[in-house]
Amino acid sequence: MKKELIFLGPPACGKGTQTSKLSEYLNFPHIDTGSLLRAEIKNGTENGKIAKGFIDKGELVPVELVAKIIEDRLSQNDCKNGYILDGYPRSVEQADKLTVMNKNIDGSEKAEFRAIYFEIDTNILVERIVNRRSCPKCGEIYNLAFKAPKKDGICDKCGTELTQRKDDTREVAQSRFDTYNNETAPLIEYYKNKGVLKSIDANGSIDEVWERLLKAVND
Ligand code: AMP
């Protein structure tokens with residue numbers, strides 16, 4: 001049966017690292033809204049121009065703009081057996097929209113829907129954000145505090161110079177946490193009430209969290 005997996009958790013909770021690993025493991029596409037929006041900005045599209053103003057302030061991009069991008073992506077053939085959605089939905093309004101999208105796309109086909117919540121001690125997360133670096137070419141994520149590249153500023157995987165996201169500053173990070181608490185955190189109750197929420201302890205090493213994630217997915 002098709003598996004529809006969505007992921008909840010505060011900024012920098014480790015979702016990106018774990019969901020990319022999971023995408024390879026399950027052979028489902030990893031659909032990361034933040035990266036899709038950053039690609040729109042890089043390509044200079046109209047959507048990108050609109051999105052940039054919101055991303056730079058740590059606010060949510062308008063609901064219709066993101067919905068269009070996600071629906072187009074979920075309708076593609078590689079999502080037929082399942083998908084990993086990272087960063088969507090981020091509000092109750094988006095969650096309602098996702099239910100409708102899934103119905104439209106799946107038709108009479110049955111699918112298993114699961115929301116996986118990364119539960120974590122939020123005190124450590126701002127430090128994690130300001131130390132985060134990523135590879136603009138292959139997307140590998142590093143952290144200067146606990147997963148530094150072997151050679152300073154250079155991607156271990158492809159040798160490209162690492163960059164820091166523009167919204168990974170202390171100031172914008174604070175605003176992203178406020179947005180998360182106000183708009184996204186209510187989804188935990190929302191999915192709990194629907195009986196599809198799985199929580200995992202996201203404190204600990206990448207390997208420890210990976211083991212817990214596999215259990216939650218295979219359970
Ligand atoms: P992320 O890479 O997931 O941390 O997302 C970076 C930024 O992209 C967020 O702070 C928002 O401005 C925007 N964004 C990502 N996903 C969404 C979404 N589902 N709805 C609205 N804005 C989003």
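Definitions and cut-offs
- Residues numbered from 1 in each chain as written.
- Predicted model: local features only at pLDDT ≥ 70, side-chain atom pairs only at ≥ 80, totals over all residues.
- Heavy atoms only, no water.
- Salt bridge = Lys/Arg side-chain N within 4 Å of Asp/Glu carboxyl O.
- Helix = DSSP H or I, 4+ residues; strand = E, 2+ residues; numbered from the N terminus.
- Buried < 20%, exposed > 50% of the residue type's maximum accessible area, 1.4 Å probe, protein only.
- Polar contact = N/O pair within 3.5 Å; in protein donor to acceptor, adjacent residues only side chain to side chain.

A. Inspection of the pattern of salt bridges at higher detail. If you walk through the whole model with that rule in mind, you get 22 salt bridges. The shortest N-O distance in the salt bridge between D86 and K15 comes to 3.3 Å. Of this pair, D86 sits in strand 3 (residues 82-86) while K15 sits in helix 1 (residues 15-26), placing them 71 residues apart in sequence. The partner of E189 in a salt bridge is K192, and the shortest N-O contact between them spans 3.5 Å. In this pair, E189 and K192 both sit in helix 8 (residues 186-193), three residues apart, roughly one turn of the helix. Taking the relative accessible area as the measure of exposure, E189 reaches 44% and is therefore partly exposed. One continuous salt-bridge network, built from bridges that share partners, spans R132, R165, D167, D168 and R176.

B. Molecular detail of the environment of R114. Along the polypeptide, R114 turns up in strand 4 (residues 111-119). R114 sits in the buried class, given a relative accessible area of 12%. Considered as a pair, R114 and K3 are 111 residues apart in the sequence and their alpha carbons are 7.8 Å apart. Within polar-contact distance, the side chain of R114 engages the side chain of E112 at 2.8 Å.

Keep in mind that these numbers describe shape and distance, not what the molecule does.
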